[in-house]
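Analysis of the macromolecular model
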Amino acid sequence: MAKKSLNIIESAYRAVMEEQDDTILWLLTAMQGAGGVHTVVLRGNAVNYAIAGQGAPGLTVGEWKQTQAPRMDRDVVDLIENRKIPVYVVEEDLAERGIASNELVSGVKPISRRALPELFVEYDIVSHW
Amino acid sequence: MMSRKTLTFALMDAPYESAKLTTAFRILDAAARRGHDINVFAYEGAAALAFTRQSPHPNPVHGKNLAEENHPTTKDQVAALLAEATKNGGKVDWVNCGMCVDERGVGEFVPGTRRGSPADFQAFLDASDNTLVIPTK
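Bear in mind that the values here come from a model prediction, so they are computed numbers and not experimental data.

**What about the overall build of chain A?**
Each helix and strand in chain A was counted, giving five helices and seven strands. Ordered by position from N to C terminus, the α and β elements of chain A give β-α-α-β-β-β-α-β-α-β-α-β. On C-alpha atoms alone, chain A measures out to a radius of gyration of 15 Å, which is about the 14 Å that the 2.2 N^0.38 rule sets for 129 residues. Projected onto the principal axes, the alpha-carbon positions of chain A cover approximately 50 × 35 × 20 Å. Here chain A, with 129 residues, has 34% of them falling under the buried criterion. Considering only residue pairs separated by 6 or more positions, chain A has 70% of its internal contacts joining residues 24 or more positions apart.

This is how it looks when you write it as structure tokens:
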């Protein structure tokens, strides 16, 4: 039986344009598909991934154009709805950045920093990305 | 009319690991569109940017085949930068740090880029109107 894994994601937008996704969300999605049991906590700048309606234009260099630029909100929704990976966002990190809860995609779960230790004990592995 | 300048950029990040290269390519593209002469010193991981054996891939997690994913490669971006500069009357002197290339086994470059050394970067610094270093961290 797969170990339960909690994944705290803090590094945000690191290579999303070049990879057309977040490499850690991608990795967890692939591992979930391979039988893993994963949960995500977005903290720090990564809470931005949960803001609905975001997206950067694709990169253009001369005649070369990127056609599949990433949409992180879409990928978070995909985690929740299609991959059945719960996604938490740290409330204090949202507040520090002036992000209101009604700006977030549906399905994400706000969690306070003080509640994190209680969440940790539910998992076999806690990873900080 | 804006005068033509010589601009030098030092890049250090490896492809597919950083947002900084996307920003760098946006700036390089803007400079090429304005016809400026561009020097690039591709140092450390950035020596792989012009490696011609990079391959796009399908993405099963995205549910997309090779064509649908249309995965970007930095070698294509480098080639497009060279073409854009030429089209607008500028030129790009893209130097791949030779020792960095050897360490990484990425010695097959996009045509129009070349192998070089820190001496090339020094020459770029001395001859340029301005230099922007985009370091890795």
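**A closer look at the environment of Trp26(A)**
Note on placement: Trp26(A) falls in helix H2 (residues 23–33). Along the sequence, Trp26(A) and Val77(A) sit 51 residues apart, while their C-alpha atoms lie 13 Å from each other. Excluding residues within four positions of it along the chain, Trp26(A) makes contact with Asp21(A) and Val61(B).

**Notes on the sheet that holds strand E1 (residues 6–11) of chain B**
Strand pairing in a sheet takes place through backbone hydrogen bonds and is either antiparallel or parallel in direction. Residues and elements named next belong to chain B. Spatially, the five strands line up as an open sheet ordered E4-E3-E2-E1-E5, and their pairing is parallel. Bordering the open sheet on either side are strand E4 (113–116) and strand E5 (130–134), each of which pairs with just one other strand. Neighbour-to-neighbour, the strand axes of the sheet open up by a mean angle of 20°, direction not taken into account. The pairing of strand E3 (residues 92–97) with E4 spans four bridges and is parallel. Pairing of Cys97 across the sheet is with Gly116, part of E4.

**Concerning the sheet that holds strand E5 (residues 87–90) of chain A**
Residues and elements named next belong to chain A. Taking strand neighbours across the sheet as the criterion, the five strands line up as E6-E5-E2-E1-E7 in an open arrangement whose pairing is parallel. If you trace the sheet from one side to the other, it starts and ends with strand E6 (109–111) and strand E7 (125–128), each paired once. Averaged over all pairs of adjacent strands, the angle between strand axes in this sheet comes to 25°, irrespective of strand direction. Taken together, the six bridges between strand E1 (residues 4–9) and strand E2 (residues 37–42) define a ladder with parallel strand orientation.

**Points about the nonpolar core**
Within the largest apolar cluster, 69 residues are counted, with the highest numbers of intra-cluster contacts made by Leu42(A), Leu11(B) and Ala42(B). Once residues lying within four places of it in the same chain are set aside, the contact partners of Leu11(B) are Leu21(B), Ala24(B), Val40(B), Ala42(B), Tyr43(B), Ala46(B), Leu49(B) and Ile134(B).

**A look at the interface of chain B and chain A**
Chain B puts 22 residues into the contact, and the matching count from chain A is 19 residues. Mapped onto the side of chain B that touches chain A, the elements with two or more residues apiece are helix H1 (20–33) and helix H3 (74–87) of chain B. Residues that form the side of chain B that touches chain A fall into these classes: 11 nonpolar, five polar and six charged.

**Notes on the packing of H1(B) against H3(B)**
Each packed pair of helices is defined by two parameters, the angle between the axes and the distance between the axes. All names here are of chain B. Taken N-terminus to C-terminus, the directions of H1 and H3 make an angle of 15°; their axes are 8 Å apart at the nearest point. The angle between the axes of H1 and H3 places the two elements in the roughly parallel class. Classified by chirality, the crossing of H3 by H1 is left-handed. Of the residues in H3, those touching H1 at Leu21, Phe25, Leu28, Asp29, Ala32 and Arg33 are Thr74, Gln77, Leu81, Glu84 and Ala85. Considering only residue class, the contact of H1 with H3 consists of six nonpolar, two polar and three charged.

**Some thoughts on H2(A)**
Residues and elements named next belong to chain A. Among the residues making up H2, those that are buried are Leu25, Leu28 and Thr29. What you see down the axis of H2 is that its buried residues fit within an arc of 100°, all on one side. Lining the buried residues of H2 we find E1, E2 and helix H3 (72–81). Looking one or two residues past H2, Gly35 carries a phi angle of roughly 105°, positive in sign.

The rules behind the values
Residues numbered from 1 in each chain as written. Chains lettered and ligands numbered in written order. Predicted model: local features only at pLDDT ≥ 70, side-chain atom pairs only at ≥ 80, totals over all residues. Helix = DSSP H or I, 4+ residues; strand = E, 2+ residues; numbered from the N terminus. Rg over C-alpha atoms; globule rule 2.2 N^0.38 Å. Buried ≥ 20, exposed ≤ 12 C-beta atoms within 10 Å, placed from the backbone. Contact = placed C-beta atoms within 7 Å. Pairing = 2+ DSSP bridges. Axes fitted to C-alpha atoms, helices over the stretch in contact; angles between N-to-C directions. Core = buried A, V, L, I, M, F, W, Y, C linked by C-beta atoms within 7 Å. Nonpolar A, V, L, I, M, F, W, Y, C, P; charged D, E, K, R; others polar. Parallel < 35°, antiparallel > 145°, perpendicular 65-115°, else oblique. Left-handed = near helix turned anticlockwise from the far one by under 90°. Arc of directions from axis to C-beta.

So far we have only geometry, and geometry alone does not tell us how the molecule works.
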